[in-house]
Amino acid sequence: MEEVKLHGFWPSPFSYRVIWALKLKGVKYDYIEEDFPNKSKLLLQYNPVHKKIPVLVHRGKPVAESLIILEYIEETWPENPLLPKDAYERAMARFWIKYGDEKGGPTFYSFFLSVGEEQEKAIKETMEVLKVLEEKGLGDKKFVGGDTIGLVDITFGWLPRWFECMEEVVGVKLLQPTTFPRLHAWMENFKEVPVIKENLPDHEKLLAHFKRIRESSVADTMK
Amino acid sequence: MSGTDLKLLGTKESLFTYRIVWALKLKGIEYEFVEEDLFNKSPLLLESNPIYKKVPVLIHGGKPISESLVILDYIDETWKNNPILSTDPQERAYARFWAKFVDEKFYEASIKAFFLTGEDQAKGVESIAEALQFLEGEIAGKKKFFFGGEAIGFLDIVVGWIAHWFQFVEEVGGFKVMDSMKYPAFDSWTKNFLEVPVIKENLPPHEELRRVFQGFQQMGLAAVGAKE
């Protein structure tokens, strides 16, 4: 009997990456909701270095960092592969996974949390990242993974819902269908994939959560 | 073993480039090394890595791959002799986790400590010490020569720059954090790592590194964009 547990947090896109991968492969797991900021003793024990979610625990052994968890899931449950077979295609996928995570994350957060001049800079950088994804990151197929979603799509997966909510809270719409037609089409297709559609945080709840975060961040900036 | 039409774009001082040199040499793969001038990047580099415009780039059969960790994975999957990653998913996750840790926490703290001064530098140094404490714990816990076990592997290759480049980050940056008394297991690892023939025969000379880091210091933080 395999024992798989996932420690996550409902508004976290990183949590959802792991949920999507597990569900796409039909892996049964127990979900443990971490009550931030009160991190459980177990979480601190499983991820002493970063003290963050998500953490996947398989047969009692923890794996931390969402992208590393995704590779672990892919290697441990090879059915319904989420990475290409060809080594070069895999390298390309890994490159885009890294780009989406390294450039996407901090840039989008900066856009979401900053004000004034800092936000203007963040908007510019976000537009550049979106442009790179639009022109180079998506490829020519329905999804980056081809006809079905793969790990790259999963990594970009916070554009719909999370980034959309951020734009709503900030009051600036950057990802317009006219300026980013391919990204927009990708997002619409992605949201329709059953595993994704059935596993997204509630829009209103996330909006409220993001509103609180932005208000608090803006207040800190004004101090 | 020859890698048909294999080029490595890099520089003779780049710590990221050497990861690839070591991996290729460990597997006995022949390749052409193309020295890049990072202040005057070649059309080939700009074409091969248009997004980051950085080295190293591995070009195999005309197809380019960027980002050192992605390249290491590719090399291990393409040339299966002398594997640098385990086949066990848990062990692979372990190596990847600590590689990410070194490239994020340790490396970024090093940049802070090197380029900044006063309290900002002190914060950087403190972060390095924290990171080093974690690495010390890991290598001490393994009770083996290397992170990879009896022979060097993926994680040793990624951590490897600390064994040779880091002393110049300290020297030129004007701080000291490495301490064989505080981090004895890491110190042993460093000595063992530098004795591995493939590593020993493929390290940039001390004077070159000192000169390069002095150049970086003069450039200030702008150097981080140009370098690697």
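Treat the numbers as computed from the prediction; the structure is a model and nothing was measured. (Residues numbered from 1 in each chain as written. Chains lettered and ligands numbered in written order. Predicted model: local features only at pLDDT ≥ 70, side-chain atom pairs only at ≥ 80, totals over all residues. Heavy atoms only, no water.)

### Section: the interface of chain B and chain A
Phase 1: On the side of chain A, 29 residues touch chain B, which itself brings 24 residues to the contact.
Phase 2: Roughly 2500 Å² of surface becomes buried between chain B and chain A when both sides are summed, with 67% attributable to carbon and sulfur atoms.
Phase 3: When the buried area of chain B at its contact with chain A is split by residue, B:Ile51, B:Gln90 and B:Phe97 rank highest and sum to 24% of it.
Phase 4: Summed over the shared surface of chain B and chain A, the number is eight salt bridges.
Phase 5: The partner of B:Glu77 in a salt bridge is A:Arg90, and the shortest N-O contact between them spans 3.0 Å.
Phase 6: The tally of links from chain B across to chain A stands at seven residue pairs in polar contact (both at pLDDT 80 or more).
Phase 7: Those elements giving two or more residues to the side of chain B that touches chain A turn out to be strand 4 (63-66), helix 3 (68-78) and helix 4 (89-115) of chain B.
Phase 8: The greatest single-element share of the side of chain B that touches chain A, amounting to 10 residues, is contributed by helix 4 of chain B.
Phase 9: Each residue belonging to the side of chain B that touches chain A can be placed in one class, and the counts come to 13 nonpolar, three polar and eight charged. (Contact = heavy atoms within 4.5 Å. Buried area = accessible area lost by both parts, 1.4 Å probe. Salt bridge = Lys/Arg side-chain N within 4 Å of Asp/Glu carboxyl O. Polar contact = N/O pair within 3.5 Å; in protein donor to acceptor, adjacent residues only side chain to side chain. Helix = DSSP H or I, 4+ residues; strand = E, 2+ residues; numbered from the N terminus. Nonpolar A, V, L, I, M, F, W, Y, C, P; charged D, E, K, R; others polar.)

### Some words on the domain arrangement of chain B
Residue and element names in this part refer to chain B.
Phase 1: Taken domain by domain, chain B consists of domain 1 (6-78) and domain 2 (89-226).
Phase 2: Centre-to-centre separation of domain 1 and domain 2, based on C-alpha positions: 21 Å.
Phase 3: On the domain 2 side, the residues contacting the 20 residues of domain 1 number 25 residues.
Phase 4: Both faces considered, domain 1 and domain 2 share a buried interface measuring about 2000 Å² in area, 70% of it formed by carbon and sulfur atoms.
Phase 5: When the buried area of domain 1 at its contact with domain 2 is split by residue, Glu 13, Leu 15 and Trp 22 rank highest and sum to 34% of it.
Phase 6: Linking domain 1 with domain 2 are two salt bridges, by the criterion used here. (Domains from an automatic or database assignment.)

### A word on the pairing of strand 2 (residues 30-33) of chain A
Residue and element names in this part refer to chain A.
Phase 1: As judged from the four bridges shared by strand 1 (residues 4-8) and strand 2, these two strands associate in the parallel manner. In the strand pairing of strand 2, Gly 8 is matched with Glu 33.
Phase 2: A crossover links strand 1 with its parallel partner strand 2, the connecting element being helix 1 (residues 13-24), and its sense is right-handed. (Pairing = 2+ DSSP bridges. Right-handed = clockwise from strand over helix to strand, strands pointing away.)

### A short note on the packing of aromatic side chains
Phase 1: Scanning the model with the defined rule gives 42 aromatic pairs over all chains in all.
Phase 2: Ring centres of A:Phe112 and A:Phe210 lie 5.0 Å apart, and the angle between their planes is 50°; on these two criteria the pair is classed as tilted. Of this pair, A:Phe112 sits in helix 4 (residues 87-113) while A:Phe210 sits in helix 10 (residues 203-222), and the two are 98 residues apart along the sequence.
Phase 3: Residue A:Phe112 is classed as buried on the basis of its relative accessible area of 1%.
Phase 4: Judged by relative accessible area, A:Phe210 falls into the buried class, the value being 6%.
Phase 5: A network of ring pairs unites the aromatic residues B:Tyr18, B:Trp22, B:Phe147, B:Trp165, B:Phe186, B:Trp189 and B:Phe193 as a single cluster.
Phase 6: Taking the ring centre of A:Trp10 as reference, the NZ or CZ of A:Lys205 above it sits at 4.4 Å. (Phe/Tyr/Trp six-rings, centres within 6.5 Å; stacked < 30°, edge-to-face > 60°. Buried < 20%, exposed > 50% of the residue type's maximum accessible area, 1.4 Å probe, protein only. Lys NZ or Arg CZ within 6 Å of the ring centre and 35° of its normal.)

### Thoughts on the UniProt feature "domain: GST C-terminal" (unreviewed entry) in chain A
Phase 1: Sites flagged by UniProt as "domain: GST C-terminal" (unreviewed entry) map to residues 86-213 of chain A.
Phase 2: In residues 86-213 of chain A, helix accounts for 73% and strand for 0%; the two terminal C-alpha atoms are 42 Å from one another. (UniProt positions renumbered as here; feature names shortened; annotations may be inferred.)

### Some thoughts on helix 5 (residues 116-137) of chain A
Since there are 3.6 residues in each turn of an α-helix, residues three or four apart along the chain are aligned in direction.
Residues and elements named next belong to chain A.
Phase 1: Across its 22 residues, helix 5 extends 30 Å between first and last C-alpha, which sits within 8% of the 32 Å expected from 1.5 Å per residue.
Phase 2: Those residues of helix 5 hidden inside the fold are in contact with helix 4, helix 6 (151-156), helix 7 (159-170), helix 8 (181-192) and helix 10.
Phase 3: At the exit of helix 5 stands Gly 139, carrying a positive phi of roughly 75°. (Expected span 1.5 Å × (residues − 1).)

### Quick word on the UniProt feature "domain: GST C-terminal" (unreviewed entry) in chain B
Phase 1: Per the UniProt annotation, the sites labelled "domain: GST C-terminal" (unreviewed entry) are residues 88-213 of chain B.
Phase 2: As a span, residues 88-213 of chain B carries 75% helix and 0% strand, and end to end its C-alpha atoms are 39 Å apart.

### Quick word on unusual backbone geometry
Phase 1: Cis geometry is adopted by the peptide bond preceding A:Pro54, which originates at A:Ile53 and carries an omega value of 0°.
Phase 2: Looking at the element boundaries, A:Pro54 is found in the loop between helix 2 (41-46) and strand 3 (55-58).
Phase 3: Of the consecutive residues B:Val55 and B:Pro56, the connecting peptide bond is found in the cis state with omega at 0°.
Phase 4: Positive phi, normally seen in glycine, also occurs at B:Lys53, with a value near 55°.
Phase 5: Relative to the assigned elements, B:Lys53 resides in the loop between helix 2 (43-48) and strand 3 (57-60).

### A word on the confidence of the model for chain A
Phase 1: Taken as a whole, chain A shows an average pLDDT of 94; of its residues, 99% reach a score of 70 or greater.
Phase 2: In the model of chain A, helix 10 of chain A stands out as the element of lowest mean pLDDT, 91, in contrast to helix 3 (residues 66-76) of chain A, which has the highest, 98. (pLDDT = per-residue confidence, 0-100.)

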